[in-house]
Amino acid sequence: MWMLVVSSFSGCSENPNFPVEPEIGFISFSKTSMNQNSLNTDSLFVKLSFKDGDGDIGLEENDFNQNLIIVDNRTGEVFDRFKVPPIPIQGAQNGVQGEITLKIFTTCCIFPDAIPPCESPEEYPSNALSFDIQLTDKAGNDSNIVTTPEILLNCN
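Described below are features of the structure shown in this document. The structure presented is a predicted model; accordingly, all values stated were derived computationally and were not measured.

1. Concerning the packing of aromatic side chains
Under the criterion given, the structure shown has three aromatic pairs. Arranged with centres 4.9 Å apart and planes meeting at 50 degrees, the rings of Phe-79 and Phe-131 form a pair that is tilted. Taken as a pair, Phe-79 in strand β6 (residues 77–82) and Phe-131 in strand β9 (residues 131–135) lie far apart in primary sequence, 52 residues in all. Phe-131 gets classed as buried once you look at its relative accessible area, which sits at 1%. Note on Phe-111 and Tyr-124: the rings are 5.9 Å apart at their centroids and 45 degrees apart in plane angle, and the pair reads as tilted. One end of the pair, Phe-111, is in the loop between β7 (96–105) and β8 (126–129); the other, Tyr-124, is in the loop between β7 and β8, and 13 residues separate them in sequence. Note on Phe-111: relative accessible area 9%, which makes it buried.

Written out as structure tokens, the structure is:
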């Protein structure tokens, strides 16, 4: 179970000077640590900013692709994927900007020495966890990759 909230802002006065490739930025985490678990017992919110010159970052309801990808920097593997819903265009302009809030669930700590994930060895009380996040628009344009600050993942 995951959650995605998108809010957009646009004005009617003049066209924004945004590129057609989406641009994202890290704003904040709702907290700085999570407890490890494989059963989604802990979570946090990630807030991102976005801009897009042609306003095509959201996917239609019948499009089953997921266009916001989160990679776990400890492993380089995809951690989660989200589908950004369509962003309504307001006024005569096509550019949009706004914020995206994602609910990210916890994961297991990863250990050296062939210790299985999600264990609680005393010698490894925590992991540093960060994510790379990228957004793709309907035209296939990839945004920049945002690397989040580290979160403390409590292993014990």
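2. Things to note about the pairing of β6
Here five bridges tie strand β5 (residues 68–72) to β6, and the two strands are oriented antiparallel to one another. Residue pairing in the sheet places Asp-72 in a bridge with Glu-77 of β6. Two successive antiparallel strands, β5 and β6, enclose a turn made up of four residues, where Gly-76 displays a positive phi of approximately 80 degrees.

Here is what the cut-offs are and how they apply
- Residues numbered from 1 in each chain as written.
- Predicted model: local features only at pLDDT ≥ 70, side-chain atom pairs only at ≥ 80, totals over all residues.
- Heavy atoms only, no water.
- Phe/Tyr/Trp six-rings, centres within 6.5 Å; stacked < 30°, edge-to-face > 60°.
- Helix = DSSP H or I, 4+ residues; strand = E, 2+ residues; numbered from the N terminus.
- Buried < 20%, exposed > 50% of the residue type's maximum accessible area, 1.4 Å probe, protein only.
- Pairing = 2+ DSSP bridges.

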